[in-house]
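Structural characterization, general
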Amino acid sequence: MPANNSFSKEVFHIGPVQPPFICDFDDGQDMDRWTIVDANHDDVTWYWDARQVMIRYNRTQELDDYLITLCPVALEAGDAYIAFEYNARNSAYPEKLEVLYGTSPDPAEMTALAVFDSIISSTDGCFSAEALHLAQAGNYYFAFHACSRADMFGLILDDVEIGQGTYVGTPDLAINDILLPASACGLSSQTPVQVLVSNKGQADIVKLSLAYSLDGADQVREEFGTLPASKDTTFVFSQTMDLSVLGKHKIQIEAEVLVSAGKEESNLDNNAAIDSVISFSPAHVPFITDFSMSEQAENWVGDWKWDASTGGYVTMDYKPLFSRCVSLEASKGYRFSMEFKAGLKMFGMMFPETFSILCGMSGTDVATWDTLWKEENMYEENYVSIDASFECADAGA
């Protein structure tokens, strides 16, 4: 058959759908399940963008745009709900959103269920589960009305669920961080295993388990208690790990919801994490590093990377860079020297940086370290050199 002799297209039968109605906007075709009404005809309205739906702003007019379910949801008399995630696009611009429902798809004939008149952008987004009590069974349409003031920044909407009865949420257990000691000399053979976890879902976790594996060894699994929805906490294993052996250690963590106050967890993509730490032996002076040489750069630990375009070791995250521990003697003069350039130039504007060089005994609190050199609001387009002389009160690494 010739390639251009056939054609296919998805069509919708517009009629009542059975609850729960769930739309996660993961695909652009999800927009076919909605009717968009640009009530003020300003050509600024709802649109799909990267697994969510959003609307931008009008500089001179208030938003007046509706996102309406194409098909009504068949609901019985009694309790029902609409749950959804939402957010403002910028924390400096509060947004306004209304939620409406009714047996007609005409917003003018709908009833306002909820009004959010000062939505502030949140890193984790916002969530709402709005309950309604229906006096009679029927086929109900639902609408989101963007009605922010002029010259704001826009709204985001995601994960809509419409159902019968009371909303039951889903937990989402996530590993935020493995709280390891900084790579150093003399790491402990009884290092605590600490894991920062959060529940990003909408239902409490009654019981969970965490398992860790050190350098590929058998897992150590322990159970932990309640983690409420939208909360985070640090759990500490009763069994410690041995990091005293010299070299790089890899720690793997897995998490599992054992008992949920709501539905079974569905998002398992964030239930595992891997991190590493290095147990160093002390280096000796002279301690020299050319960061373009990977074997020398490995003597430093931090979220920095070699950038061939600038010819330097760089970071944009304001995280510290720690050297391997260096054996130094007490009351003896030493010199720290380096070449660097600080700051950033963007769109013709210069952004200076403030940074410090610190020195302290391996394994001690960085807040107690001595400041060898500090620069305030510095900007350099070309590399410059510094030298800082110092002595150590105590011998050590």
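Note that the structure is a prediction, hence the values are computed from the model and not measured.

1. Digging into the nonpolar core
- By size, the foremost hydrophobic cluster in this structure holds 35 residues, and its most contacted members are W46, L67, F84 and F144.
- Each residue touching L67, except ones within four places of it in the same chain, is listed here: F25, M31, W34, T35, I36, W46, V53, F142, A143, F144 and L157.
- Among the nonpolar cores identified, the runner-up in size contains 25 residues, and L173, A184, L187 and V193 belong to it.

2. Thoughts on the sheet that holds strand β19 (residues 247-260)
- Overall, mixed pairing links the 5 strands, which are arranged β14-β20-β19-β16-β17 in an open sheet. For this open sheet the edge positions go to β14 (184-185) and β17 (220-224), each flanked by a neighbour on one side alone.
- Sheet topology note: the β14/strand β20 (residues 272-280) ladder contains 2 bridges and is parallel. The residue of β20 that forms the bridge with C185 is F280.

3. What about the layout of surface pockets?
- As a volume, the second largest pocket reaches approximately 1,200 Å³.
- For the second largest pocket, the lining is made up of 41 residues, of which E85, D159, D172, K200 and Q202 are closest to its centre.
- Counting only elements with at least two residues in the lining of the second largest pocket, the list comes to β7 (78-88), β10 (126-134), β12 (155-164) and β15 (194-199).

4. Description of unusual backbone geometry
- Look at the link from P19 to P20: it is a cis peptide, with omega at 0 degrees.
- Tracing the sequence through the fold places P20 in the segment before β1 (21-23).
- Here V285 and P286 are connected by a cis peptide whose omega angle stands at 0 degrees.
- Tracing the chain through its elements places P286 in the loop between β21 (283-284) and α1 (294-297).
- Within the chain, H41 stands out as a residue other than glycine whose phi angle is a positive 55 degrees.
- The class for H41 is exposed, based on a relative accessible area of 68%.

5. Examining the side chain of H249
- Its location among the elements puts H249 in strand β19.
- Taking relative accessible area as the criterion, H249 reaches 6% and is therefore assigned buried.
- Among the polar contacts listed, one links the side chain of H249 to the backbone oxygen of V245, at a separation of 2.6 Å.
- Contacts of H249, omitting those with residues within four sequence positions, involve L214, D215, D242, L243, D275, S276, V277 and S279.

6. Some remarks on the environment of S279
- Along the polypeptide, S279 turns up in strand β20.
- On the basis of relative accessibility, which here comes to 3%, the residue S279 falls in the buried class.
- Non-local contacts of S279, meaning those with residues more than four positions away in its chain, are made with A184, L187, L243, S244, V245, L246, G247 and H249.
- There is a polar contact of 3.3 Å between the side chain of S279 and the backbone oxygen of L243.

7. Observations regarding the sheet that holds strand β18 (residues 232-236)
- Strand order across the open sheet formed by 3 strands is β13-β15-β18, with antiparallel pairing between neighbours. One side of each edge strand has no neighbouring strand; the edge strands of this open sheet are β13 (173-178) and β18. The mean inter-strand angle of the sheet, taken between neighbouring strand axes irrespective of direction, is 30 degrees.
- In the sheet, β15 pairs with β18 via 5 bridges, with the strands oriented antiparallel. Looking at β18, one finds that V195 is bridged to F235.

8. Some remarks on the pattern of salt bridges
- One pass over the full model with this rule turns up 7 salt bridges.
- Note that R59 and D151 form a salt bridge whose closest N and O atoms lie 3.7 Å from each other. Within this pair, whereas R59 is found in the loop between β4 (53-55) and β5 (65-69), its partner D151 is found in the loop between β11 (138-146) and β12, the two being separated by 92 residues in sequence.
- A residue is classified by how much of its surface remains accessible, and R59, at 59% relative accessible area, is exposed.
- The partly exposed category is assigned to D151, whose relative accessible area is 35%.

Calculation rules
Residues numbered from 1 in each chain as written. Predicted model: local features only at pLDDT ≥ 70, side-chain atom pairs only at ≥ 80, totals over all residues. Heavy atoms only, no water. Core = buried A, V, L, I, M, F, W, Y, C linked by side-chain atoms within 4.5 Å. Buried < 20%, exposed > 50% of the residue type's maximum accessible area, 1.4 Å probe, protein only. Contact = heavy atoms within 4.5 Å. Pairing = 2+ DSSP bridges. Helix = DSSP H or I, 4+ residues; strand = E, 2+ residues; numbered from the N terminus. 1 Å grid on protein atoms, 1.4 Å probe; cavity = no way out; pocket = protein on both sides within 12 Å on 5 of 7 lines; lining within 4 Å. Points joined across faces, edges and corners; volume = space filled by probe spheres on them. Polar contact = N/O pair within 3.5 Å; in protein donor to acceptor, adjacent residues only side chain to side chain. Axes fitted to C-alpha atoms, helices over the stretch in contact; angles between N-to-C directions. Salt bridge = Lys/Arg side-chain N within 4 Å of Asp/Glu carboxyl O.

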